[in-house]
Amino acid sequence: MIQHFQYQKLYSKDLPGWRFSFTYMGEQIKGIYHKNGKIEWLSDAPEKDHDKVIQQIHDLMLFHVYGD
């Protein structure tokens, strides 16, 4: 399960994107979430439950960023 999820706006309004970080299974994970939903990993991507983690990131971004 993702813990301590944080995000921060990365670009101007014309080029939206968000830097995110969280803890997963005791490891710090970092990446960039692009407007089109693409995830660019800045750390090693979680290997265990990879698809599940990606879905959780999408859900969290929809809730926090697009849900406002």
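Residues numbered from 1 in each chain as written. Predicted model: local features only at pLDDT ≥ 70, side-chain atom pairs only at ≥ 80, totals over all residues. Heavy atoms only, no water.

Engineer: How should I be thinking about the packing of aromatic side chains in this particular structure?
Structural biologist: Geometry of an aromatic ring pair is reported as the spacing of the ring centres plus the angle between the planes. The tally for this structure, following the rule as stated, stands at 6 aromatic pairs. Ring geometry for Phe 20 and Trp 41: centres 6.1 Å apart, planes at 80°, overall edge-to-face. Here the residue Phe 20 occupies a position in strand S2 (residues 17-24), and Trp 41 occupies one in strand S4 (residues 39-41), the gap between them amounting to 21 residues. The exposure class of Trp 41 is partly exposed, given its relative accessible area of 24%. One aromatic cluster is present, formed by Phe 5, Tyr 7, Phe 20, Phe 22 and Trp 41 through successive ring pairs. (Phe/Tyr/Trp six-rings, centres within 6.5 Å; stacked < 30°, edge-to-face > 60°. Helix = DSSP H or I, 4+ residues; strand = E, 2+ residues; numbered from the N terminus. Buried < 20%, exposed > 50% of the residue type's maximum accessible area, 1.4 Å probe, protein only.)

Engineer: I'm lost on the side chain of Ser 21 in this one. Help?
Structural biologist: Mapped onto the elements, Ser 21 comes out in strand S2. Owing to a relative accessible area of 14%, Ser 21 belongs among the buried residues under this scheme. Those residues within four positions of Ser 21 in sequence are excluded, and the remaining contacts are His 4, Phe 5, Gln 6, Gln 28, Ile 29 and Lys 30. (Contact = heavy atoms within 4.5 Å.)

Engineer: Please explain helix H1 (residues 50-66) as it appears in this structure.
Structural biologist: Count 3.6 residues to each turn of an α-helix, and residues three or four apart come out pointing the same way. Here H1 contains 17 residues, and its C-alpha end-to-end distance of 23 Å stays within 8% of the 24 Å for a straight helix at 1.5 Å per residue. Of all the residues in H1, the buried ones are Val 53, Ile 57, Met 61 and Val 65. Considered in projection along H1, the buried side chains sweep an arc of 75° and stay on one side of the axis. Across H1 from its buried face, at more than 90 degrees, point the exposed residues Asp 51, Lys 52 and Phe 63. Elements in contact with the buried residues of H1: strand S1 (2-9), S2, strand S3 (27-34) and S4. (Expected span 1.5 Å × (residues − 1). Arc of directions from axis to C-beta.)

Engineer: Can you walk me through the pairing of S2 in this structure?
Structural biologist: Within a regular strand, side chains alternate between the sheet's two faces. For S2, the buried fraction is high: 7 of the 8 residues fall into the buried class. When S1 meets S2, the two strands line up antiparallel, connected through 6 bridges. Note on S2: the bridge partner recorded for Gln 6 is Ser 21. As defined by bridge partners, S2 adjoins S3 across 8 bridges and the pair is classed as antiparallel. The partner of Gly 17 across the bridge, within S3, is His 34. (Pairing = 2+ DSSP bridges.)

These figures capture arrangement, not role.
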